[in-house]
Structures are given as C-alpha cells and as structure tokens.
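Each chain, written out:
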Amino acid sequence: MAEVLALKIGLVENVTFADGTTLESAIRKQPVDKITVHELGAEGNDVGLKAHHGGVDKALFFMAEKTFEKLTALIGKDFDWKNRAIYGENFIVSELDETNVCVGDRYQIGDVILEVSQPRKPCERLSLNSECAETQKIVREQGLTGWYVRVVQTSVCKKGDKIHRLQRPYPDLNIMHLNQLAAQKPTEAMRAELEKALACEVLAEAFKRTLRNQLSRI
C-alpha cells in the first residue's frame, strides 16, 4: 500500500540560488513529522509566485519517490528526498506516480481527504534550485511533474501514514497522459483526447487553459 515517506513545509523567504539570482520563494521546504491541513494547504506552508502557485486547486504538491529519484539521476545530481525539498515537494510517497494517479482520484491520509486536481507545470525555479539549467525542460519532456491536490477534508496527517484511495472517476486521465497532451506538438489525432480531458469537471482550470491552447493549435 502507498505510504507517506516524507512531509515538507516552508514559508516564503529570500533565496539566493547558486547562479546568484535572489528571489522570494518557498521552494526549500523542510521535513516535518506531521502537518495540519487546511483548505489552502498546510499550516506553516506557503508559495512564492502566487500568480501561478497555491490556491484551492494547488493546495499541496505530491511527488513520487521514484519520480524524485529518476529526475535527480537524469540531471546528474545525488539529492536525497529525505532532506530539504529540491523540487518544492510537500509529500514524497511510495507506490504512486504519474502513471497510476488520475485526476479526480480521492485519497485519505490519516483523517485528511485530498482530490487530485492537475499535474504540476514546471517553472524555471526548478532549474535554479536544482542547479541544473535543463531541469525544467527534462521535467516537461519526461512528464516527471508530480501532481497537485485540493483539500476535501481538513485534519492532520503524519509521515508514515498509509494512503487509501477512495474513488477514481476518471481512470483514463492519469497524470502522465495529461502531461503528454500538454507537451506534445498538437495533431488532429490528439483532438478527441484533448476534448475528453477538457470535459473533465475536476481538472483544474489552470491546466485546462494549457489544453485549450493545444486544441487551438491543431
């Protein structure tokens, strides 16, 4: 059964990256043993670029253990997911990943209930914090994005909690498939799949904008 391997939270701070760039960011979240989850995320957690991050549909960010390890290997680093966040992750989880998590899935962790809302769209801060200029591009091309959730039921969850799937209304819309629809050059053959994704009521509007743009380019 899937399990929470790590929990990480952090507030906005002035971060100076290796290339000398200084930005207000909460990407370097610190490991904790438990979090108190509310509608917009967790106590003690925040996001820097509020125009693109945070909000009800991006309350918390999940990353698979295997995704963290694969991405870290692809960029030639030796980061350990047990330490401070590299990719802005709130949760590191076992068993689940982009191929077996679908939009609309509901999961119970402790007494918290969460609903998968969309894949994460990688930004340049992933490249800055990982000290690899190619990170953003690799995440996009490989679909190693992780996923955002919205909060259905608030409570406390802990490191080591089991993850119970409660429902799966959209089994054809896994995170990797959505990433491919967003990243590939749009063709007529993709039209039906794009329209199907856009018809999904629980897919976050921010991601639908990307898919609408893809559809308009066919």
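Our subject is the structure listed above.
Being a predicted model, the structure only gives us computed values, none of them experimental.

### What about the nonpolar core?
Counting 39 residues, the largest nonpolar core has F91, W147, L178 and L211 as its most contacted members. Beyond its immediate stretch of four places on either side in the chain, L211 contacts L178, L181, A182, L194, A197, L198 and L203.

### Considerations on the packing of helix α4 (residues 175-183) against helix α5 (residues 191-198)
The interhelical angle for the contact between α4 and α5, taken along N-to-C directions, is 120°, at an axis separation of 11 Å. Looking at the two axes, α4 sits oblique to α5. Here the hand of the crossing between α4 and α5 comes out left-handed. Facing α4, whose interface residues are H177, L178 and L181, α5 presents E193, L194 and A197.

### Re unusual backbone geometry
Positive phi outside glycine occurs at E95, with the angle close to 70°. With respect to the helices and strands, E95 occurs in the loop between β8 (91-93) and β9 (106-109). Residue classification places E95 among the exposed positions, given a relative accessible area of 51%. Its identity as a non-glycine residue notwithstanding, E131 has a phi of 60°, on the positive side. Relative to the helices and strands, E131 is located in the loop between α2 (124-130) and α3 (135-142).

Cut-offs used in this document
- Residues numbered from 1 in each chain as written.
- Predicted model: local features only at pLDDT ≥ 70, side-chain atom pairs only at ≥ 80, totals over all residues.
- Heavy atoms only, no water.
- Core = buried A, V, L, I, M, F, W, Y, C linked by side-chain atoms within 4.5 Å.
- Buried < 20%, exposed > 50% of the residue type's maximum accessible area, 1.4 Å probe, protein only.
- Contact = heavy atoms within 4.5 Å.
- Axes fitted to C-alpha atoms, helices over the stretch in contact; angles between N-to-C directions.
- Helix = DSSP H or I, 4+ residues; strand = E, 2+ residues; numbered from the N terminus.
- Parallel < 35°, antiparallel > 145°, perpendicular 65-115°, else oblique.
- Left-handed = near helix turned anticlockwise from the far one by under 90°.

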